[in-house]
Amino acid sequence: PPQTPSPAADSFLHYRTSRVRALRAARLERLVAELGSGDPQQDPSFVPTFLATHRAFVPTARVLGFLLPPTPPPPPPGVEVKKAEGQERSFNKNLRAVVSVLGSWLRDHPQDFRDPPAHSDLGSVRAFLDWAAPGGTEAQEAEKLLEDFLEEPEPEQEEEQSQAWAGTPRTAQPPRPDSPEGCLEEEEGSMQEGPELLDFSVDEVAEQLTLMDMELFLRVRPCECLGSVWSQRDRPGATGSSPTVRATVAQFNTVTGCVLGSVLGTPGLAGPQRAQRLEKWIRIAQRCRELRNFSSLRAILSALQSNPIYRLKRSWGAVSRELLSTFRKLSQIFSDENNHLSSREILSQEEVTEGPPKEDMPPGILPPKPPPGPVPYLGTFLTDLVMLDTALPDILEGDLINFEKRRKEWEILARIQQLQRRCRGYSLSPRPDILATLRAQRQLSEEQSYRVSRVIEPPAASCPSSPRVRRRISLTKRLSAKLSRERGSRPGGSPGDPSSPASSVSPGSPPSSPRTKDPPGSPPASPGPQSPSTKLPLSPDLPGPRPLALGLSDPRTPVLGQQSSEARVIRVSINNDHGNLYRSILLTSQDKAPSVVLRALQKHNVPQPWAGDYQLFQVLPGDRELLIPDNANVFYAMSPAAPGDFMLRRK
């Protein structure tokens, strides 16, 4: 019989080796020169990395000052300026490269040129493009962007429009501190009018939550997620920074607050009636999972696992076994095991999900479109970027900008952009009645939630009927255990071997703050509704099953919770009014207590002259503390076996 030709007989693979130059560190002038060089051997990721991360180390105006060549004056009438052929070719090559960079910049990061009221940077770019590429696409984009900026509403009007979309959730009045009964009377007296969120169907609520999360995620500017940007959100005068990220945080906390308010907002309900509300929220969470909305899924699970709801044993005891099983399975998505490996793998699988291949489809039938989404949980990206910013230096020896660090950040930002493109596939219609109900949903503070929960079910010895969900552990402990397992299993490496290749950090669930003794009657910590400015739990599902490698030229990059022979990343908390419980700093074997205190105060935006008023304590297991003497070497004075949690306290 005739033999069918094998595919290898009709085709072949051709490989070509190409050389790529990767600039790892350089001064700003050299980086900008590389930006407009047009070198064919340039690293393909250099330009997008620089454009996405440059605001972490230099303002846009200064980059333009180096990038834009001065426009030559027009020659006198009748005089023709001639250039040598090689000079003309080189000039045109660099000019085309600069024009191409500006075109990418205008398309991918238009907000970098926003500088009201005149937008002078954009005006300079437009003038240059009108000279270098008159009538070109780049010049038209600059002209249109400037017109759009000038037509934008005033900041106050824009803020009103933003609030009209996100809405201001209704908050309960501050509870009277006299008794739980007073809190109960207050809650019963503040019953909201009109429909409640749970009066709508499971599909309707889940779809509207997905629509809102999708819209907010599409608006996120990836550069606002950079650790150096997001970690400064609580500095005085920075209330307007990272607005798109703050909007996502506020939405997450609103959903969490809605769950708490709907479950706890009616203290007079019997256990079976409250169980029906728990069951409906579990169904909504399951529907969010089907819609690939991991943001609201995480918010709902955080509320259901919070202490005010988790402790209601009679209500959980009335929940059906089937839905309890569903709840446990959903909770496993965000398990702490292996640095949230489960949620990372699931998100990666959801991202690459596509329809059947074209060759498997019958003739004449178009393949279906890939499913939209997923909508990720932004907290994981923020955590990884903050940890990356903490662990790697901005400036290397010789005042060189550490551009390899920016490449690591770009890998995460590019993933955010990729997910944003996938999110555009959703086709959901807004329901104004549901959105209005969501905005009007009664919100309870963490203190109020715990007080109402104690009224519903007074404190008992245990909660045997509550669902068994693995409690969160310290971020430092999770990373230390993970790194120990990785180093122990890596060929050629041994646990604690500082010469082993660099480890990885992609923190998952909310970092636990150093433990302090709670006053009598205060609620235990819970992931309930929180301030939209800072309290989003920074966790679960960053893309990719692979951990984020932090290794650069130095294979001994310190990692949070890991004690190497020379350095360690620690967390220092302080009681202040800015909301954040801790800041991460790099501790080396040369650091004395005064310098550590000074750097920690700088991170917490406390005036430096007050450094002498504070003492440094290491938080030990069992609610114990270790006082670090004023002139001690912190690296050697601390307990190496304990987590790297420290606290600053006034003397």
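Let me begin by describing the structure that accompanies this report. Please read these numbers as outputs of a predicted model, since none were measured by experiment.

### Observations concerning the overall build of the protein
Turning to step 1, where the next piece is worked out: Across its full length, the protein carries 25 helices and 10 strands.
Turning to step 2, where the next piece is worked out: Counting all 651 residues of the protein, 49% fall into the buried class.
Turning to step 3, where the next piece is worked out: A total of about 31600 Å² of accessible surface is found on the protein, and carbon and sulfur atoms cover 53% of it.

### A few points about the packing of helix α14 (residues 294–304) against helix α17 (residues 321–333)
Turning to step 1, where the next piece is worked out: Interhelical geometry of α14 versus α17 gives an angle of 115° and a closest axis separation of 10 Å. Judged by the sense of rotation from one axis to the other, the crossing of α14 with α17 is left-handed. Across from Phe294, Leu297, Leu301 and Leu304 in α14, the residues of α17 making contact are Phe327, Leu330, Ser331 and Ile333.
Turning to step 2, where the next piece is worked out: Considered class by class, the residues forming the contact of α14 with α17 number seven nonpolar, one polar and no charged.

### Re the environment of Ala632
Turning to step 1, where the next piece is worked out: Tracing the backbone shows Ala632 in the loop between β9 (624–628) and α25 (634–637).
Turning to step 2, where the next piece is worked out: On the basis of relative accessibility, which here comes to 15%, the residue Ala632 falls in the buried class.
Turning to step 3, where the next piece is worked out: In contact with Ala632, not counting residues within four places along its chain, are Asp591, Lys592, Ala593 and Ala637.

### Quick notes on the packing of aromatic side chains
Turning to step 1, where the next piece is worked out: On inspection of all chains with the given rule, the structure shows nine aromatic pairs.
Turning to step 2, where the next piece is worked out: Here Phe635 and Tyr636 contribute two aromatic rings whose centre-to-centre distance is 5.2 Å and whose plane-to-plane angle is 85°, an arrangement assigned as edge-to-face.
Turning to step 3, where the next piece is worked out: Owing to a relative accessible area of 6%, Phe635 belongs among the buried residues under this scheme.
Turning to step 4, where the next piece is worked out: Members of the aromatic cluster, joined through ring pairs, are Phe46, Phe50, Phe57 and Phe403.
Turning to step 5, where the next piece is worked out: Over the aromatic face of Tyr377 sits the side chain of Arg298, whose NZ or CZ is 5.8 Å from the ring centroid.

### Brief notes about the state of the cysteines
Turning to step 1, where the next piece is worked out: Taken as a whole, this structure holds zero disulfides when the rule is applied.
Turning to step 2, where the next piece is worked out: In this model Cys223 remains outside any disulfide bridge; the closest cysteine sulfur is found in Cys225, 8.1 Å from its own.
Turning to step 3, where the next piece is worked out: Among the residues examined, Cys225 registers a relative accessible area of 0% and is labelled buried.

### A short note on the side chain of Asp112
Turning to step 1, where the next piece is worked out: Within the element layout of this structure, Asp112 appears in the loop between α5 (85–108) and α6 (120–132).
Turning to step 2, where the next piece is worked out: A polar atom in the side chain of Asp112 sits 3.0 Å from the side chain of Trp105.
Turning to step 3, where the next piece is worked out: Dropping the residues within four chain positions of it, Asp112 is found in contact with Leu51, His54, Arg55, Thr60, Trp105 and Arg221.

### Quick look at the sheet that holds strand β7 (residues 582–588)
Turning to step 1, where the next piece is worked out: What the five strands build is an open sheet, ordered β7-β6-β10-β8-β9; its pairing is mixed. Two strands in the sheet have a free side with no partner beyond their single neighbour: β7 and β9. On average, each strand axis in the sheet is tilted by 35° relative to the strand beside it, whichever way the strands run.
Turning to step 2, where the next piece is worked out: Helix α24 (residues 593–603) contacts β6 (567–574), β7, β8 (614–620), β9 and β10 (645–650) of the sheet and is inclined by roughly 150° relative to β7.

### Brief notes about the sheet that holds strand β4 (residues 400–402)
Turning to step 1, where the next piece is worked out: In space, the three strands of this open sheet follow the order β1-β4-β3, with antiparallel pairing throughout. Pairing within the sheet leaves two strands with one partner each, and these edge strands are β1 (25–26) and β3 (395–396).
Turning to step 2, where the next piece is worked out: The sheet contact formed by β3 and β4 spans two bridges and is antiparallel. Paired with Ile395 across the bridge in β4 is Ile401.
Turning to step 3, where the next piece is worked out: Running over the sheet, helix α20 (residues 403–423) touches β1 and β4 and is turned about 20° from β4.

So, how was this worked out
- Residues numbered from 1 in each chain as written.
- Predicted model: local features only at pLDDT ≥ 70, side-chain atom pairs only at ≥ 80, totals over all residues.
- Heavy atoms only, no water.
- Helix = DSSP H or I, 4+ residues; strand = E, 2+ residues; numbered from the N terminus.
- Buried < 20%, exposed > 50% of the residue type's maximum accessible area, 1.4 Å probe, protein only.
- Areas by Shrake-Rupley, 256 points an atom, 1.4 Å probe, with all protein chains shown as cover.
- Axes fitted to C-alpha atoms, helices over the stretch in contact; angles between N-to-C directions.
- Left-handed = near helix turned anticlockwise from the far one by under 90°.
- Contact = heavy atoms within 4.5 Å.
- Nonpolar A, V, L, I, M, F, W, Y, C, P; charged D, E, K, R; others polar.
- Phe/Tyr/Trp six-rings, centres within 6.5 Å; stacked < 30°, edge-to-face > 60°.
- Lys NZ or Arg CZ within 6 Å of the ring centre and 35° of its normal.
- Disulfide = S-S within 2.5 Å.
- Polar contact = N/O pair within 3.5 Å; in protein donor to acceptor, adjacent residues only side chain to side chain.
- Pairing = 2+ DSSP bridges.

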